[in-house]
2 protein chains.
Amino acid sequence: MTFRDILDIFENNDNFLILTHKSPDGDTLGTGFALCYYLRDMGKKANVINADSFPDRYNFMYTDYKPQDFDVQYVIAVDIADPKLIGSALEEFQQEGAVDLCIDHHISNKRFAKQTYVDPDASAAALIMYEIFKYSGREISDIIAKCLYTGIATDTGCFKYENTTPKAHIACAELMAYNIEFSAVNRRMFDVKSRGRIEVEQTVISKMEYYCEGKCSMIALTTKLIEDCGVDPAEFDGLASIPLSVEGVKIGITVKQRHENVFKISVRTTEEIDASQFCQQFNGGGHIRAAGCEIQGTLEEVKAKLIEAVEKVC
Amino acid sequence: MTFRDILDIFENNDNFLILTHKSPDGDTLGTGFALCYYLRDMGKKANVINADSFPDRYNFMYTDYKPQDFDVQYVIAVDIADPKLIGSALEEFQQEGAVDLCIDHHISNKRFAKQTYVDPDASAAALIMYEIFKYSGREISDIIAKCLYTGIATDTGCFKYENTTPKAHIACAELMAYNIEFSAVNRRMFDVKSRGRIEVEQTVISKMEYYCEGKCSMIALTTKLIEDCGVDPAEFDGLASIPLSVEGVKIGITVKQRHENVFKISVRTTEEIDASQFCQQFNGGGHIRAAGCEIQGTLEEVKAKLIEAVEKVC
C-alpha cells in the first residue's frame, strides 16, 4: 500500500470507526484522534473507540471531542498489531474481515485487517500518520499536530529510546510550528506525578527484587499490594520502565496480576537483550527493547518461569 | 560577532585553553570537549579545564582525552554566564581580561570576556557550537557529534523542556548520522540510577515539604541528611527537578547546604512563574524555568526567606 492508496480510502469512504488498542497509550490515542479530526476536517464522519475508557491522563487530546451519530461503513485500526489487542469488549472487531484497514509500526503485526500498512522503521504510528497527512498537502489543525506530537513523544520516551529516528526529530521540529504547548504535554506525560503515584513508586522500588547478580530486576504487582497501597489502581499503570532504571540491570521485568492466576508481564531491556524474542517464548511480542506477554500460574510459578528464562539470556 | 569571526579566531590562534563552568553539566562539558577535539583536528593544541574534577557520569565524552603540554595563548569560556561560575580554584581566570572569548546561550551573560558570542535563543551552548562547526564546512568526528548531542539533550531535558527548539531537534537528527549511541547516552543521562541514588531519592521524596496549598514544594539537603544517608555525596547532585514533579506544583525548590550557614538554592518552575526573576531578588539568575541563587543564614532563616518570596508569586 502507498500513502496515495490510503488517502484514496479516506476520500472514497465515509462514516469511519477508528479502533485504538486496549490499555491505550499516547501513540494509539494520538494517532486515532489525529486521524479522526483529520477525517472530520475533510467533511467526513468519524469516531474513535476503545475497549477501555479514554484515560484522564491524555484528555488534552479529546477535551472537545464528541462522538458523532452514524452507521459505520469503514473500520480503521491504528497501532494495533494483533486483533487480541482490540480487547474483548469490542469482540465483534476481532473477527476476520471486521477491520478494513490497519495502520501500524509493529514488526509483529499479524496482518489481520483486509489491508495493512506497516512501517516497522517508524518510531510511532503517529509518525506514519504525520507522513500521510504531509503527503496529502492538506493543512492540519493545532489539535491534530498536538495529537501527533504526543504519539511520537510518548512512543520514543521523549526521543530517548533507540527507536527514535532522525525522521521523528524532524517531524516534531515541524509540528512545533503549530500551537501544541509541547513542554506542557511533555511535563504531563513524563514528569508530573500525583502524590498517589509517588507513594506507589516508593512502595514498588522498596520491594524490587534482583536476580543474576543484579542484571535482572523484577517488580511484582499483586492485587493485594495494589489494594493495600490504598491509592487509585490506575496509579499502578506504566511502571514498566522502573526496573530497568537501576544501574547494571539489562532486563527489567514487571509482573502484574490480572486475575487469580493470570499475570501480565512487561519486559524492558538494554542493547544486550532482545525483549521481543524473550517474550515470544511465552507467546507474547512487541519491540526489541520493550515487549510483553501473559503467563498463567501462581505468582511463584510465574516468577520461576521468568527467572529460568532470564538466566539463559543474562 | 559572526560565526566567521569565531572561525577566524580558531584559525589564527593556537594553544587554546577551554574553560567549563564549575559543578559541570552535560552542556558545558559537551561544548568544551567538542571544541577541544575540533581544534585538535585542525592541528591546534587545546585543553579543557574545570575548577572541579570531570565527573564519572560524563566520562564517555573524555575516555580518550589526554591533556596536552603547552603555554596557553588563547582562553575560551563555554556556557559560562558569569566569571563567578569559573570557580575559585581557577581564580586567575575570573580577573578582567583573562578570558579572550566566551560562547554562551544565557541571556544573563555578564559580558566578562574580551569578546562574547551569546545566542539566548539557543537551547544549549552545544547547539551554537554545532552551528559554528556546520558553518565551517569541516567534517566532524563521531566523538565531537556525541559531545554536541549530549550537550543539547541534557540542557533540554531530552527535548522535553520549553527551551527545546525546532533547531535543536534538527541538529540532533543530523548528529544521529554519526556513531553516537544516542540511546545509551540518554539512558545514562536520564534513566539509570545507582542503588545509592535510588535510596537518596526515596529519602528526599519522603521528606518533601509543601507550601501555598501544594503549589510550592521544597526539599532541604543538609550536610547532616547527606551524611546520615551513608551514600556517596555525589548522589545528591541534580535532584532539583524532583520537587516540580509533583502534580499541582508550580515552583519546586531545592535547598542544599554548602557550608555552615550558606545554602545553594535551585528553582524550577512551570509556565506560571519566572524562575530567573525569582532568583534575581537573591542575586541569582539563570533561565526562565530553571534558575539558582545562594542565600546565607540558618536553614530556618533561608526557608523563611524563600517561603515569603514564594507567597508573592503563587
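What counts as what
- Residues numbered from 1 in each chain as written.
- Chains lettered and ligands numbered in written order.
- Predicted model: local features only at pLDDT ≥ 70, side-chain atom pairs only at ≥ 80, totals over all residues.
- Heavy atoms only, no water.
- Contact = heavy atoms within 4.5 Å.
- Buried area = accessible area lost by both parts, 1.4 Å probe.
- Salt bridge = Lys/Arg side-chain N within 4 Å of Asp/Glu carboxyl O.
- Polar contact = N/O pair within 3.5 Å; in protein donor to acceptor, adjacent residues only side chain to side chain.
- Least-squares fit on C-alpha atoms with pLDDT ≥ 70 in both.
- Phe/Tyr/Trp six-rings, centres within 6.5 Å; stacked < 30°, edge-to-face > 60°.
- Helix = DSSP H or I, 4+ residues; strand = E, 2+ residues; numbered from the N terminus.
- Buried < 20%, exposed > 50% of the residue type's maximum accessible area, 1.4 Å probe, protein only.
- Lys NZ or Arg CZ within 6 Å of the ring centre and 35° of its normal.
- Disulfide = S-S within 2.5 Å.
- Axes fitted to C-alpha atoms, helices over the stretch in contact; angles between N-to-C directions.
- Parallel < 35°, antiparallel > 145°, perpendicular 65-115°, else oblique.
- Nonpolar A, V, L, I, M, F, W, Y, C, P; charged D, E, K, R; others polar.
- Pairing = 2+ DSSP bridges.

1. Overview of the interface of chain B and chain A
Taken together, the contacts link 39 residues of chain B with 39 residues of chain A. By the criterion of area lost to chain A, the three top residues of chain B are K160, H169 and R187 of chain B, representing 19% of everything that side buries. Two residues, K160 of chain B and D191 of chain A, come together in a salt bridge whose shortest N-O distance is 2.8 Å. Our count for the contact surface shared by chain B and chain A stands at 15 residue pairs in polar contact (both at pLDDT 80 or more).

2. Examining the relation of the copies chain B and chain A
Take chain B, turn it by 180°, move it 0.0 Å along the axis, and it overlays chain A with an RMSD of 0.0 Å. Such values leave the two copies arranged in the relation of a two-fold axis.

3. With respect to the packing of aromatic side chains
For the structure shown, the criterion picks out 29 aromatic pairs over all chains. With a centroid separation of 5.7 Å and 65° between ring planes, the pair formed by F16 of chain B and Y74 of chain B is classed as edge-to-face. On the criterion of sequence distance, the pair formed by F16 of chain B in strand β1 (residues 16–19) and Y74 of chain B in strand β3 (residues 74–78) is long-range, its members being 58 residues apart. With a relative accessible area of 0%, F16 of chain B lands in the buried category. Ring-pair connections join several aromatic residues into one group, and the members of that group are Y149, F159 and F182 of chain A together with Y149, F159 and F182 of chain B. Between the NZ or CZ atom of R195 of chain A and the centre of the ring of Y210 of chain B, over which it lies, the distance is 3.6 Å.

4. Digging into the state of the cysteines
If you walk through the whole model with that rule in mind, you get 0 disulfides over all chains. Distance from the sulfur of C102 of chain A, which forms no disulfide, to the nearest cysteine sulfur (C36 of chain A) is 17 Å. Unpaired in this structure, C158 of chain A has its nearest cysteine sulfur neighbour in C158 of chain B, at a distance of 6.2 Å.

5. A word on the side chain of S245 of chain B
Tracing the backbone shows S245 of chain B in the loop between α8 (223–229) and β8 (251–259). Residue class for S245 of chain B comes out buried when judged on its relative accessible area of 13%. Apart from the residues lying within four places of it in its own chain, the contact partners of S245 of chain B are D191, V192 and K193 of chain A.

6. A closer look at the packing of helix α1 (residues 3–12) of chain B against helix α3 (residues 125–136) of chain B
Residue and element names in this part refer to chain B. Close contact between α1 and α3 brings their axes to 10 Å; oriented N to C, the two are set at 80°. One element, α1, and the other, α3, form an angle in the roughly perpendicular class. Of the residues in α3, those touching α1 at F3, R4, I6, L7 and F10 are I128, E131, I132, F133, Y135 and S136. Of the residues belonging to the contact of α1 with α3, the class tally is 8 nonpolar, 1 polar and 2 charged.

7. Quick look at the environment of V200 of chain B
Residue and element names in this part refer to chain B. Residue placement: V200 occurs in helix α7 (residues 195–206). V200 sits in the buried class, given a relative accessible area of 0%. Remark: the alpha-carbon pair of V200 and V231, spanning 31 residues in sequence, is separated by 7.8 Å.

8. As for the sheet that holds strand β5 (residues 115–118) of chain A
Residues and elements named next belong to chain A. Across the sheet, which stays open at both edges, the 5 strands sit in the order β2-β1-β3-β4-β5 with parallel pairing between neighbours. The open sheet has two edge strands, β2 (46–49) and β5, and neither has a second partner. The sheet shows a mean angle of 20° between the axes of neighbouring strands, taken without regard to direction. Note that strand β1 (residues 16–19) and β2 share 4 bridges and pair parallel. Following the sheet pairing, L19 is matched in β2 by I49. Against the sheet, helix α2 (residues 26–41) engages β1, β2 and β3 (74–78), with an angle of about 165° to β2. Strands in contact with helix α3 (residues 125–136) are β3, β4 (101–104) and β5; relative to β4, the strand with the most contacts, it is inclined by about 110°.

Just distances and angles here, no functional claims.
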